[in-house]
Amino acid sequence: MNSEILGVLLMYGMVVALAIPLGRYIGKVFNYESTWLDKLFNPLDQLFFKLSGIDPGKEMTWQQHLTALLTINVVWFILAMLVLTNMSWLPLNPDGNPSMSGDLAFNTAVSFVTNTNLQHYSGETGLSYFGQLILMLWQFISAATGIAICAVVFIAMKERTTATLGNFYSLFVRSSTRILFPLAFVVATLLAFNGTPMTLEGKDTITTLEGQEQQISRGPVAAFVAIKQLGTNGGGFYGPNSANPMENPSYFTNMIETISIMLIPIAMVFAMGFMLRRRKLALTIFAVMTIGFMLLVIPSIYLEMQGNTAISAMGIQQNRGSMEGKEVRFGAAASAYWAINTTATSNGSVNSMHDSMTPLTGMFTMLGMMINSFYGGVGVGFLNFYIFIILAVFISGLMVGRTPEFLGKKIEAKEMKIAMVIALLHPFLILVGTAISSYLYAGNPTEYAGWLANPGNHGFSEMLYEFTSSSANNGSGFEGLGDNTPFWNIACGIVMLFARYLPIIGPVAIAGILAGKKYIPESNGTLKTDTSTFGLMVFAVIAIVAALSFFPALTLGPIAEYFLMLN
Amino acid sequence: MKNNIIPALRLTLVSFAFFCGIYTLAVYGVSRLVPESMSFTKAKQGYYENVGQPFTGDQYFNSRPSAVNYNAAGSGGSNKGPSNPDYLAEVQARIDTFLVHNPDIRKEDIPSDLVTASGSGLDPNISVEGAVVQVKRIAQIRDINVWIFRNILRL
């Protein structure tokens, strides 16, 4: 078999093999069972709580959880704004990089606090090392927010009636110190041992063999890259993220970084199974997610390995596939595999340029973000999937004439309304945003000429991709878009805010309300949610609600481009 | 909400100290243990092995086109779409230029990586096919037997 395909199979096999034990560990962390890392982390967590003046034993209702989450996120946003607009005179700025403008700082602060990591700047020139380090803090804590709030939903899904669902701060600290920190340390070490820079020195200047001067940006790259991959944060230390040979020096580091993207999202599904002792439900969810993921990844790899038909027509050899925007050391298959990994989860760092991919691969990357729950972001991916489960329970309940129940709790009108609003929010934000930007562009193409790097349908795809990426809290881009303008900074910032917090509030509210209801033991009349029939039902709901609402927009962008290229 | 602000602030500061301080220093400390051969260091000859350089002269194996001219302080790709007519004209021009410099090579032997820009603009590699099609030109200019090259490339 082709070694490129073999590499992809190896990466997928390894991520699943690692996610199962990690899922068991995460389950233990949130069940407060003892693990072998307790000796180190019990005192550390206590120190965290002591210094913060927090009582980790205080039980919270779902409303109190959300208040705590939103408050700390507001604090983070203000801090991020302050740092980004004052970087130039703050310490650790060896390259003398400037502070950010107000609108760019707004976009960047929102982007990192919401775990999106959309970057309308280039890391080498747009940030000081202090800026990079402070953004790295959000890569930990925004990811931990997602994991912690997902744990709240897990706790609520247990079979009992309760008003309180653990303590948010406690779950948050456990997510960051016991899950993210050890994993990030291991990955950072592996990267540093394989040629990724880890230094606080500024740029180096060398003379190339042909006698030109070449400047080399360095920095604390290994530490930054490890957590941006693991926390489905995305972005990069350098502008082109992990395509840059310092951030990602070899095929081996590429494997480590690719595995890091999906590791925690998959592990969260298994963690749910271990926590609730519902293995079969976890496996059903995992199977649905996997089938969806495969439907995106297989055609993408095939298409990228086939290459660009317009270049084949020029009569050169394209054995290695479409190479524009790709690195030789990764090749077409590993680049396409990464592209779907990073978009199906809400990671968004890239190892090749999505803008230059063949039209339908571009569509599959967008579909990954539009569905946003085929594994999904850390924690929040499961929350998105939870909404689809609720919808599927309700619809199948109606179809067979039974009261819709999920895990022994009755689903009623209020929960359904919340679920519907959340399910429709994502298409609403993406399509309205794209419509407004297209309208502006079409009305005055000369004024907005700087927006689009490519004409025609592909230009439309660039705008559609940017809003999709913002709304999915993804952060990758069709980077040809000239997006560091007040319009894009502010519009994307607003979309990211809504798209982050409402899909957290909704599922937590549903889970919290359900947890307060009376528990009805399973009977013959109960609709089983851990069967393949139900899995199929969830898949159908996702395909109809999520994928089809975007079909018209995709037709105008990548699909039209594909058919035009056939001629 | 009010009761949450102070703990939130303090927790953020503690997290900052731990993740930006201790985590970074721990990784930094470990990175000092990396043997020189495996770490990101400058080779004796004064360049970085991982970071591609522009090679345009006929006496060198030419590197891939770069959207940023191998500027390692501002890396990036072209972000050109696959159907963009200007982009396709550019690729065609690169093919023509290559054929001028390598008149003995048939067009269908040119691999696509030699005429397309990489994602980072710093790609340190070219494909084996990309090296093979340049062997004859370099051998002629440097007056070296083609077979020595073939040996180096292990063909």
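Everything that follows concerns the structure shown earlier in this document.
This one's a predicted model, so the numbers in the text were calculated from it and none came from an experiment. (Residues numbered from 1 in each chain as written. Chains lettered and ligands numbered in written order. Predicted model: local features only at pLDDT ≥ 70, side-chain atom pairs only at ≥ 80, totals over all residues. Heavy atoms only, no water.)

**Brief notes about the overall build of chain A**
To be explicit about the condition: Starting at the N terminus, helices and strands are each numbered in turn, a helix being any DSSP run of H or I of at least four residues and a strand any DSSP run of E of at least two. Each radius of gyration is computed over the set of C-alpha atoms, and the globule rule expresses the reference value as 2.2 Å times the number of residues to the power 0.38. Here, residues are in contact when the closest pair of their heavy atoms is within 4.5 Å. His residues and chain termini do not enter the charge count, which takes Lys and Arg as positive and Asp and Glu as negative. For charged residues, the charge sits on one atom: NZ in Lys, CZ in Arg, CG in Asp, CD in Glu.
When helices and strands are counted, chain A shows 19 helices and four strands. Compactness check: chain A gives a C-alpha radius of gyration of 23 Å against a globular reference of 24 Å for 567 residues, within 12% of the reference. Across its three principal axes, chain A shows a C-alpha extent of roughly 75 × 60 × 50 Å. Excluding contacts between residues fewer than 6 apart, the proportion of contacts in chain A whose partners are at least 24 apart in sequence is 78%. Positive and negative side-chain charges of chain A, numbering 28 and 31 respectively, have mean locations separated by a distance of 18 Å.

**Considerations on the overall build of chain B**
Cut-off, in case you're wondering: For the area figures, the Shrake-Rupley method with a 1.4 Å probe applies, and any residue is considered shielded solely by the protein chains shown.
Across its full length, chain B carries four helices and zero strands. Along the chain direction, N to C, the helices and strands of chain B fall in the order α-α-α-α. Its C-alpha atoms give chain B a radius of gyration of 24 Å, more than 25% over the compact-globule value 15 Å for 155 residues. Dimensions of chain B, computed from C-alpha atoms along their principal axes, come out at roughly 75 × 45 × 25 Å. Taking all contacts inside chain B whose residues are at least 6 apart in sequence as the whole, residues at least 24 apart take part in 57%. Carbon and sulfur atoms provide 56% of the accessible area of chain B, an area that totals close to 7,700 Å². Separation of charge centres in chain B, based on 15 positive and 13 negative side chains, amounts to 11 Å.

**Things to note about the pairing of strand E1 (residues 204–207) of chain A**
Residues and elements named next belong to chain A. Here is the rule: Three exposure classes are used, based on accessible area relative to the maximum for each residue type with a 1.4 Å probe and protein chains only: buried under 20%, partly exposed in between, and exposed over 50%. Here the rule is simple: two strands pair whenever DSSP picks up at least two bridges between them.
A one-sided burial pattern is seen for E1, the buried positions being Asp204 and Ile206 and the unburied ones Thr205 and Thr207. One ladder, built from four bridges, connects E1 with strand E2 (residues 213–216); its direction is antiparallel. Looking at the pairing, Thr207 lines up with Glu213 of E2. In sequence, E1 turns back onto E2 through a hairpin of five residues, with Gly211 there showing a positive phi of about 90 degrees.

**A word on the interface of chain A and chain B**
By a widespread convention, an interface's size corresponds to the accessible area lost as its parts come together. Counted only if it meets this: Computed with a 1.4 Å rolling probe, the buried area is the accessible surface lost when two parts are put together, summed over both parts. One side-chain nitrogen of Lys or Arg within 4 Å of one carboxyl oxygen of Asp or Glu is enough to make a salt bridge. For the purposes of these results, a polar contact is taken to be a pair of N or O atoms within 3.5 Å, where, inside protein, one atom must be able to donate a hydrogen and its partner to accept one; residues adjacent in sequence count only when each atom of the pair is a side-chain atom. Residue classes follow a fixed rule: Ala, Val, Leu, Ile, Met, Phe, Trp, Tyr, Cys and Pro count as nonpolar, while Asp, Glu, Lys and Arg count as charged, and any other residue, Gly among them, counts as polar.
With 96 residues of chain A at the contact, the number on the chain B side is 88 residues. Across the chain A to chain B interface the summed buried area is about 7,400 Å²; carbon plus sulfur atoms make up 64%. At the junction of chain A with chain B, the criterion picks out three salt bridges. For the pair chain A and chain B, the interface holds 39 residue pairs in polar contact (both at pLDDT 80 or more). Take the side of chain A that touches chain B: its biggest share by element is 11 residues, from helix H7 (residues 168–192) of chain A. Within the side of chain A that touches chain B, the residues separate by chemical class into 52 nonpolar, 29 polar and 15 charged.

**Observations regarding the nonpolar core**
Stated precisely, the cut-off is as follows: Residues belong to one nonpolar core when they are buried, are Ala, Val, Leu, Ile, Met, Phe, Trp, Tyr or Cys, and are joined through side-chain atoms within 4.5 Å. Residue ranges assigned to the domains are those given by an automatic or database domain assignment.
Counting residues in hydrophobic clusters, the biggest one holds 202 residues, and the most contacted among them are Met157, Phe293, Tyr386 and Phe406 of chain A together with Tyr23 of chain B. With 22 residues, helix H6 (residues 129–156) of chain A is the largest single contributor of residues to this core. Residue-level mapping places this core at the junction of two domains, with at least three residues from each of domain 1 (1–33) and domain 2 (43–155) of chain B. If we skip the residues at most four places from it in the chain, Met157 of chain A touches Met272, Leu276, Phe382, Tyr386, Phe406 and Leu407 of chain A. Listed in part, the 17 residues of the second largest apolar core include Tyr448, Ala491, Cys492 and Met496 of chain A.

**A short note on the packing of aromatic side chains**
Note the following rule: Classification of ring pairs uses Phe, Tyr and Trp, with its six-membered ring standing for Trp, and accepts pairs whose centres are within 6.5 Å; under 30 degrees between planes counts as stacked, over 60 as edge-to-face, and the remaining range as tilted.
Inspection of the entire model under this criterion finds 33 aromatic pairs over all chains. Seen from their ring centres, Phe270 of chain A and Phe286 of chain A are 5.0 Å apart, and the 40 degrees between their planes marks the pair as tilted. One end of the pair, Phe270 of chain A, is in helix H9 (residues 251–276); the other, Phe286 of chain A, is in helix H10 (residues 279–306), with 16 residues separating them in the sequence. Phe286 of chain A sits in the buried class, given a relative accessible area of 13%. Measuring from centroid to centroid gives 5.3 Å for Phe55 of chain B and Tyr60 of chain B, while their planes differ by 55 degrees, and the two rings are tilted.

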